Amino acid sequence: MKSPRVTLEQWRVLQAVVDRGGFAQAAEALHKSQSSVSYTVAKLQEQLGYPLLIIEGRKAKLTERGEVLLRRSRHLIKEAVELEELAHTLGQGWEPELELVVDQTFPTPALLRALKAFEPQSQGTQVQLKEVVLSGGLEALKNGHPDLVLSGIVPKGYLADPIVEVELVAVASPLHPLMEEKEAINNERLSRELQLVIRDSAVESSMDVGWLGTERRWTVSSVQSALEIVVSGVGFAWLPKADISDELANGKLKKLSLVSGSERNFHLYAIFGKGERTGPATRLLVELLQEECNACPSRVTPLPT
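This structure is a prediction, so every number in the text was calculated from the model and none was measured. (Residues numbered from 1 in each chain as written. Predicted model: local features only at pLDDT ≥ 70, side-chain atom pairs only at ≥ 80, totals over all residues. Heavy atoms only, no water.)

Visitor: Sorry, what's going on with the pattern of salt bridges here?
Guide: Should the charged atoms of two oppositely charged side chains come close, the side chains can pair. Counted according to the given criterion, the structure contains 11 salt bridges. Here Glu193 makes a salt bridge to Arg189, at a shortest N to O gap of 2.9 Å. Look at Arg189 and you get buried, because its relative accessible area is 13%. Sharing partners across several salt bridges, the network here consists of Glu9, Arg12 and Lys32. (Salt bridge = Lys/Arg side-chain N within 4 Å of Asp/Glu carboxyl O. Buried < 20%, exposed > 50% of the residue type's maximum accessible area, 1.4 Å probe, protein only.)

Listed below in structure tokens is the structure:
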């Protein structure tokens with residue numbers, strides 16, 4: 001079998017030069033000297049027998065051949081990283097760190113109980129928790145390698161297990177003008193009031209879900225922010241039933257009587273970001289999450305595994 005002349009490190013350096021826009025920037029990002037970066041790229045081009053980069057002003061730009069090879073090299077580096085992660089999982093067993101990305105509509109009580117149960121069984125696995133909204137989970141999968149994503153949107157090519165059905169409820173403060181209505185509220189009446197909408201956390205692409213399309217809306221970054229504002233008597237919102245059960249019980253919030261759409265249901269899935277390389281700690285956490293969702297059927301609806 002023929003051995004490759006070009007190393008993975010050379011491709012990695014080339015990627016850094018292109019992505020960072022120059023040799024100096026790449027050197028800073030890679031913690032190398034600029035001369036070392038320049039030498040690595042020059043050696044790569046010498047081994048291939050043609051240039052991959054041309055310098056325009058202060059920026060390095062790919063040639064046509066360079067663009068083709070850079071695209072292939074990105075896949076090569078990604079597969080090499082995944083191979084090392086698989087080797088580590090097989091050799092070490094438990095992941096040293098678990099990156100968990102959770103849509104904010106996931107029932108907070110179930111999440112907290114699952115994490116509490118996970119800690120003594122985790123064998124030292126550290127959890128990195130990131131909360132997202134709507135397509136934020138997809139962006140996390142696109143831009144990184146999270147171990148587990150709890151989201152309502154499953155992208156193509158990923159393994160996923162159904163885990164829970166979330167119920168959103170249209171609510172407002174008992175002092176809100178909508179509570180004075182004697183008959184069921186239609187969309188035309190509802191659109192005259194301020195609606196609290198939770199912003200999609202994705203940066204590259206975002207979506208609006210549940211917004212009535214009127215100008216009277218405030219956009220906030222979290223379920224908790226929307227909850228606090230609505231409880232204060234400002235506006236109305238569709239909020240996860242599992243997270244507002246206390247406010248409904250003590251009368252701080254009341255369910256709106258709408259002609260239709262007072263409740264909205266959707267499924268959340270456990271998406272395995274590393275596919276077959278998923279480690280035992282991640283699988284254990286999914287089992288615990290499923291158990292906790294099953295333990296509170298009055299607040300959330302568990303889905304069959």
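Structure shown, so let's carry the discussion forward.
Visitor: In this structure, what is going on with the nonpolar core? I would like to understand it.
Guide: One recurring pattern in soluble globular proteins is that nonpolar side chains are buried together. Counting residues in each nonpolar core, the largest one holds 34 residues, and the members touching the most others are Leu100, Phe106, Leu256 and Leu289. Among the elements of the structure, β3 (97-103), α5 (108-118), β5 (148-151), β6 (159-172), β9 (236-240), β11 (263-272) and α10 (280-294) are those that each provide at least two residues to this core. Considering each element in turn, this core owes the most residues, 7 residues, to α10. Residues in contact with Leu289, not counting those within four places in the same chain, are Phe106, Ala110, Leu111, Ala114, Leu148, Leu150 and Ile163. In this structure, Leu14, Ala27, Leu30 and Leu44 belong to the second largest nonpolar core, which totals 19 residues. (Core = buried A, V, L, I, M, F, W, Y, C linked by side-chain atoms within 4.5 Å. Helix = DSSP H or I, 4+ residues; strand = E, 2+ residues; numbered from the N terminus. Contact = heavy atoms within 4.5 Å.)

Visitor: So what exactly am I meant to see when it comes to the packing of α5 against α10 here?
Guide: Packed helix pairs are specified by the crossing angle of their axes together with the interaxial distance, meaning the distance between the axes. Between α5 and α10, the shortest axis-to-axis distance is 8 Å and the interhelical angle comes to 135°. It follows that α5 is oblique to α10 by the angle criterion. Crossing of α5 over α10 shows right-handed handedness. Every residue of α10 that contacts α5 at Ala110, Leu111, Arg113, Ala114, Leu115, Ala117 and Phe118 is listed here: Ala281, Leu284, Leu285, Leu288, Leu289, Glu292 and Cys293. Class assignment for the residues of the contact of α5 with α10 results in 12 nonpolar, no polar and 2 charged. (Axes fitted to C-alpha atoms, helices over the stretch in contact; angles between N-to-C directions. Parallel < 35°, antiparallel > 145°, perpendicular 65-115°, else oblique. Left-handed = near helix turned anticlockwise from the far one by under 90°. Nonpolar A, V, L, I, M, F, W, Y, C, P; charged D, E, K, R; others polar.)

Visitor: Sorry if this is basic, but what is going on with α10 here?
Guide: Since the α-helix packs 3.6 residues into each turn, any two residues three or four apart lie on the same face. An ideal rise of 1.5 Å per residue puts 21 Å on 15 residues; α10 measures up with 21 Å between its terminal C-alpha atoms. Those residues of α10 not exposed but buried are Ala281, Thr282, Leu284, Leu285, Val286, Leu288, Leu289, Gln290, Glu292 and Cys293. (Expected span 1.5 Å × (residues − 1).)

Visitor: Would you explain the packing of aromatic side chains in this entry?
Guide: Given two aromatic rings, their pairing is described by the distance between the two centres and the angle made by the two planes. Applying the stated criterion across every chain yields a total of 1 aromatic pair. A cation sits over an aromatic face here: Arg264 above Trp238, 3.5 Å from the ring centre. Lying across the ring of Phe272, Arg283 places its NZ or CZ 5.5 Å from the centre. (Phe/Tyr/Trp six-rings, centres within 6.5 Å; stacked < 30°, edge-to-face > 60°. Lys NZ or Arg CZ within 6 Å of the ring centre and 35° of its normal.)

Visitor: Please explain the layout of surface pockets as it appears in this structure.
Guide: To find leftover empty space, one rolls a probe the size of a water molecule over the atoms. Of the voids in this model, the second largest pocket is the one considered here, and its volume is about 340 Å³. Taken together, 15 residues form the lining of the second largest pocket, with Lys78, Leu141, Gly144, His145 and Tyr158 sitting closest to its centre. Every element with two or more residues in the lining of the second largest pocket is listed here: α4 (64-92) and α6 (136-143). Element by element, the count of residues in the lining of the second largest pocket is highest for α6, at 3 residues. Taken together, the residues of the lining of the second largest pocket sort by class into 3 nonpolar, 6 polar and 6 charged. (1 Å grid on protein atoms, 1.4 Å probe; cavity = no way out; pocket = protein on both sides within 12 Å on 5 of 7 lines; lining within 4 Å. Points joined across faces, edges and corners; volume = space filled by probe spheres on them.)

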